[in-house]
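Observations on the three-dimensional arrangement
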Amino acid sequence: MNITLYNIEQVLGAREPELSQNLTKLFAKLLERNQDPTFVQNYTGAIKLWFRKESQTRKGRDPLSFSAFGSACYAAGIVRTFLAVVTSHLYTQSQSQPKERFIGQYNALEALAEFMQTGNLTERRMLLEDMKKNHVINICLSHLSHPLCIFRQLAINTLRVLASESVLGETLSATEAADIIAAVCRFTLEGPDFFIEGMRSPNTTWQSQMVMGATDVPSKRATEHIPRFYAMAQESALWTAHGLLCTSPPPSRKHCLDILKKKPEILDLLFDCAIIARPPWYPETQVDSIACEVIALLFQWPSHIVPGVSTPQDNVFRAQEWKAMTQIAAILTSRDEWCEKIIEVWMKIEEEDWREVRGWFDRVEVDYHAFEPPDEEAFIQVFEYRGTSRVAMLRLVSTLSHAAESCGVTNAEIESLLRMAYIASRKIKSASELDHTSKPEDRYTCTERMEEIFRSPMYTVSLNMQVDAPLQIADESMMGPTALARLLVVLAQRKAFDTIQGLKKAPNGLSSSTCLNHVQQITNPDVIRRFLKIALQRVKANMDKGRERARKSDNDYAKAAFTSAAELAAAIVAFDSHTQGQYSKEVLGARKELALALGNAAEMAIREKHWQQALYFGSGAVNAAENMPAGEVLDANIIAKNKRRVEQARMAISAK
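Notes on the structure in this doc start here. Source: prediction; values computed, not measured.

1. As for the nonpolar core
- Membership of the largest hydrophobic core comes to 219 residues, with the highest contact counts inside it found for L26, I78 and I342.
- Top element by residues in this core is helix α30 (residues 555-577). It accounts for twelve residues.
- Aside from chain neighbours lying at most four places away, what touches I342 is F271, M393, L396, V397, L400, L417 and M420.
- In this structure, V357, A378, F383 and Y444 belong to the second largest nonpolar core, which totals seven residues.

Okay, structure coming up:
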């Protein structure tokens, strides 16, 4: 068949073996020296739309895999051809018809991103390797400073697809990952000015057809809409960083350490992204909460470790992963104002006025020409995202407390963080206490505080796959008390309570977000007693939540409830051991709950055949049972059951 500008449908719609012959000829023609730019634009555009239609019509129905058309394109060399079109030096601005040339290049790169989303996991890996061999990463990174804003957006979107709809994170060195994470953060922090200029300038205003999906859009309308287009790209940028770290299995702690050694400023960039103000043109943004999740991913604990729980296997963990984790923590605590940055993320959320945000939701269609204006559900999601940011910061504070000594965290820094942990430990109205007479803010607060993170790689959603979620953080009712208990443990270890109560003026370095009065109140023995009682109640409530989930055979979700109960119980026990029995009455029952929580977590791990987790949790449970004080009794059957669990896990591991 002769391949011309006027028979696109016949060329691409042919049956085999003709289709493969057509594609081989077509791909050669696309790279001919003096090829007509309109020919390239129209063919790359038609192929892009073909893939897009495929991924849309098959969503959620059959298991995905390349269609006959996709397989033929792959075999004919679409990756090499289209990436050559994207980078071809023939397509420079000085030549005639720059617009068609650029659109052809744009279509070629976008077509590959669309193609990725039509494949199964094996095909996505294969396509990714091929794209990497043809330098897709460098192409995308260099396009972040392209003279046209649409190419910057496309580069970000392509990286997002590679990182979260494929497995880019599993294939990169720490240096490559660091370069990409830093680059996407910088893009996010640039703001929309360059995009606005692209819509205003007479030479580049034609880009609006790619943004608005229509030609002849008035420049004023495109200029009003473009900040929203940019804000969506900001989210894609951070999903890229997220996808590189949210892998199954999770990256080693050493890999995260190497990323931060290579570019420690990544932490500053992520905190800057986490405090980006919510923009009126895209009020439903989750850019700040994704940044908080990325920070949490860098500071992740291995999935078989419950922070603060000691097991006989500890020396293995301490020699390897914990060593890397303390070095990661030391990189954070060596950054300027690190403690203020954590507090700033928290304060930004506290100071946001939901009524103002509601007003932006109501106006976004009129003011910024939103194609799909956000609805009521999107408004409620804002509170879920706020909850995500809050628990991610509380998780970070708890984690840092374990490395406080080795990282030289000062008492003033620990005291500065008390207030946010204290506020996060307060009781709020639960869902069961709300009814139609409740104030809207009570409903919103409940949504926010009940948010827990149970995050799997994004590709598991489109591919309908089950994996052990790499990022798990309990809701605020657990994370608040855990962070507070851990901060109190550090102060108790340092015998700082009497000194704090005797201070006449705020210590040097105390954050301006708090005051001496707050610090003395939170560390007052009566307040601590009240807090310990509440914390122990929360442990028991979370145990019930875990049992409820276990009854529904939701094993991984139940395990998360049991491990978070164990972590809080372990923090209470640690506090007791550093306070010479001063609070023994309030903590009575914590060691028993710790042993029960770990035993149950081990049982859930066994059900899902996570043997290493079962070994560590089970050993921790056996260990906890050996140190029971008078007045706490653990049923002998439970102790025997935990020993059997450890044995079962050992057998399974040695049989591997």
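2. Observations regarding the environment of D193
- By the secondary structure assignment, D193 is in helix α12 (residues 193-200).
- The spatial distance from the C-alpha of D193 to the C-alpha of P227 is 8.1 Å, given a sequence separation of 34 residues.

3. Observations concerning the pattern of salt bridges
- For the structure shown, the criterion picks out 41 salt bridges.
- Of the charged contacts, one joins K220 and E224 as a salt bridge, the two residues approaching to 2.6 Å between their closest N and O atoms. Taken together, the residues K220 and E224, both in helix α14 (residues 219-245) and four residues apart, mark about one turn of the helix.
- Accessibility expressed as a relative area gives 60% for K220, which makes it exposed.
- Put simply, D367 and R363 hold a salt bridge, and the shortest N to O gap is 2.7 Å. Placement of both D367 and R363 in helix α21 (residues 354-368) is noted, with a separation of four residues, approximately one turn of the helix.
- Residue D367 is classed as partly exposed on the basis of its relative accessible area of 26%.
- Residues participating in the shared-partner salt-bridge network are R278, E352, R386, R390, E448, R449 and E476.

4. Regarding the packing of α14 against α21
- One way to put it is that α14 packs onto α21 with a least axis distance of 9 Å and a crossing angle of 130°. One finds that α14 runs oblique with respect to α21. Across from E224, H225 and R228 in α14, the residues of α21 making contact are V364, D367 and Y368.
- Looking at the contact of α14 with α21 residue by residue, the class counts come to two nonpolar, one polar and three charged.

5. Here's the deal with helix α34 (residues 636-655)
- In this model, α34 (20 residues) spans 29 Å end to end at C-alpha, consistent with the 28 Å of a helix rising 1.5 Å per residue.
- Considered for burial, the residues of α34 that qualify are N642, R645, V646, A649 and A652. One side of α34 carries all its buried residues, which in axial view fall inside an arc of 130°. Of the exposed residues in α34, those oriented more than 90 degrees away from the buried face are A636, N637, R644, M651, S654 and A655.
- Buried residues in α34 make contact with α32 (590-607) and α33 (611-626).
- A side-chain oxygen of the first residue of α34 lies 2.8 Å from the backbone nitrogen of N637; this N-cap is D635.

6. Some details on the packing of aromatic side chains
- All told, the structure shown has 26 aromatic pairs when counted by the stated rule.
- With centroids separated by 5.2 Å and ring planes inclined at 80°, the aromatic side chains of F361 and F379 adopt a geometry described as edge-to-face. Of this pair, F361 sits in helix α21 while F379 is found in helix α22 (residues 376-402), placing the two residues 18 residues apart along the sequence. Taken individually, F361 and F379 each receive the classification buried, so the pair is uniform in this respect.
- Ring plane angle 40° and centroid distance 5.3 Å describe the contact between F575 and Y583, whose orientation is recorded as tilted.
- A relative accessible area of 1% places F575 in the buried class.
- Among the aromatic residues, those joined into a cluster by ring pairs are W50, F51, F66, F69, Y74 and F115.

7. Thoughts on unusual backbone geometry
- Here the residue pair E16 and P17 is connected by a cis peptide bond, since its omega of 0° sits within 30 degrees of zero.
- Relative to the elements of secondary structure, P17 occurs in the loop between α1 (8-13) and α2 (18-30).
- Omega for the bond connecting S248 with P249 falls within 30 degrees of zero, at -5°, which places this linkage in the cis form.
- Here P249 is to be found in the loop between α14 and α15 (253-262).
- Positive phi outside glycine occurs at D216, with the angle close to 60°.
- As for its position among the elements, D216 is in the loop between α13 (208-212) and α14.
- The phi dihedral of H369 falls on the positive side, at around 55°, and the residue is not glycine.
- Among the structural elements, H369 can be located in the loop between α21 and α22.

Basis of the calculations
Residues numbered from 1 in each chain as written. Predicted model: local features only at pLDDT ≥ 70, side-chain atom pairs only at ≥ 80, totals over all residues. Heavy atoms only, no water. Core = buried A, V, L, I, M, F, W, Y, C linked by side-chain atoms within 4.5 Å. Buried < 20%, exposed > 50% of the residue type's maximum accessible area, 1.4 Å probe, protein only. Helix = DSSP H or I, 4+ residues; strand = E, 2+ residues; numbered from the N terminus. Contact = heavy atoms within 4.5 Å. Salt bridge = Lys/Arg side-chain N within 4 Å of Asp/Glu carboxyl O. Axes fitted to C-alpha atoms, helices over the stretch in contact; angles between N-to-C directions. Parallel < 35°, antiparallel > 145°, perpendicular 65-115°, else oblique. Nonpolar A, V, L, I, M, F, W, Y, C, P; charged D, E, K, R; others polar. Expected span 1.5 Å × (residues − 1). Arc of directions from axis to C-beta. Polar contact = N/O pair within 3.5 Å; in protein donor to acceptor, adjacent residues only side chain to side chain. Phe/Tyr/Trp six-rings, centres within 6.5 Å; stacked < 30°, edge-to-face > 60°.

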